[in-house]
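# Structural overview for review
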Amino acid sequence: MKISTKGRYGLRIMLDLALNDGTKPRMIHQIAKSQQISEKYISRLIIKLRKAGMVSSIRGAKGGYRIAQTPETLTLLEILEAMEGPVSIVGCVRHPGSCKVTEECAAREIWCTLNEEIRSSMAKVTLREIVEKYRAKHGETDHFDYCI
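So, a few notes on the structure that sits alongside this text. (Residues numbered from 1 in each chain as written. Predicted model: local features only at pLDDT ≥ 70, side-chain atom pairs only at ≥ 80, totals over all residues. Heavy atoms only, no water.)

## A look at the overall build of the chain
In terms of helices and strands, the chain carries seven helices and two strands. Start at the N end of the chain and walk to the C end: the helices and strands fall as α-α-α-β-β-α-α-α-α. C-alpha atoms of the chain, sized along the principal axes, occupy 60 × 30 × 25 Å. For the chain, the residues scored as buried account for 38% of the 148 residues in total. By element, 53% of the accessible surface of the chain is carried by carbon and sulfur atoms, the whole surface being about 8,800 Å². Taking the 24 positively charged and 17 negatively charged side chains of the chain as two groups, their mean positions are separated by 9 Å. (Helix = DSSP H or I, 4+ residues; strand = E, 2+ residues; numbered from the N terminus. Buried < 20%, exposed > 50% of the residue type's maximum accessible area, 1.4 Å probe, protein only. Areas by Shrake-Rupley, 256 points an atom, 1.4 Å probe, with all protein chains shown as cover. Lys, Arg positive; Asp, Glu negative; His and termini not counted. Charge placed at Lys NZ, Arg CZ, Asp CG, Glu CD.)

Here it is in C-alpha cells:
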C-alpha cells in the first residue's frame, strides 16, 4: 500500500488549518504558499475534505477555509480515506470477488488481518497528536511551513 500525494497533501492541508485555527480563515493561496502545493491542486483536494465534513468554507472578502471538526476527533484514517477511499493493502481485502481464488487463497486471511491492523493504527492517531508533535519540534507558532 502506498499513500498517494492526494492523501499526503490532504493531511498537510488539514495540519495547516489546524495549526492556524483561531485566526482568520485560510485562503487557498496562503495554504499553497506554506505547503508548497499548487493552488489548483489544493482547490481540487479541498473539495474532498469539504464533502467529508472536515473543512468548512467561508464566503466573502475575508473568507477562506477552516477546519470544521476538532483536531481531537479527526483521525489520520479518516483524513486518508476521505482523500483516497478505503485503505486496502490488496484488492481482495475490500473486493473479495475481484480475485478468482479468494475462497481458496492461503494468504487472504493474513492480508485481511494486516489491513485491519493498519487501519486500527491509523484510527488511533488524531490530528491533535500530529499538531502537538509538530509544535513540540518547532515550537508554538501561528503558521506552519511544509513538513510532510
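Having seen the model, we can carry on.
## Brief notes about empty space enclosed by the protein
A full pass over the atoms with the stated rule returns one cavity of 30 Å³ or more. Approximately 40 Å³ is the volume found for the largest cavity. L17, N20, K24, Y65 and R66 are the residues nearest the centre of the largest cavity, which is lined by ten residues in total. Among the residues forming the lining of the largest cavity, the class breakdown is three nonpolar, three polar and four charged. (1 Å grid on protein atoms, 1.4 Å probe; cavity = no way out; pocket = protein on both sides within 12 Å on 5 of 7 lines; lining within 4 Å. Points joined across faces, edges and corners; volume = space filled by probe spheres on them. Nonpolar A, V, L, I, M, F, W, Y, C, P; charged D, E, K, R; others polar.)

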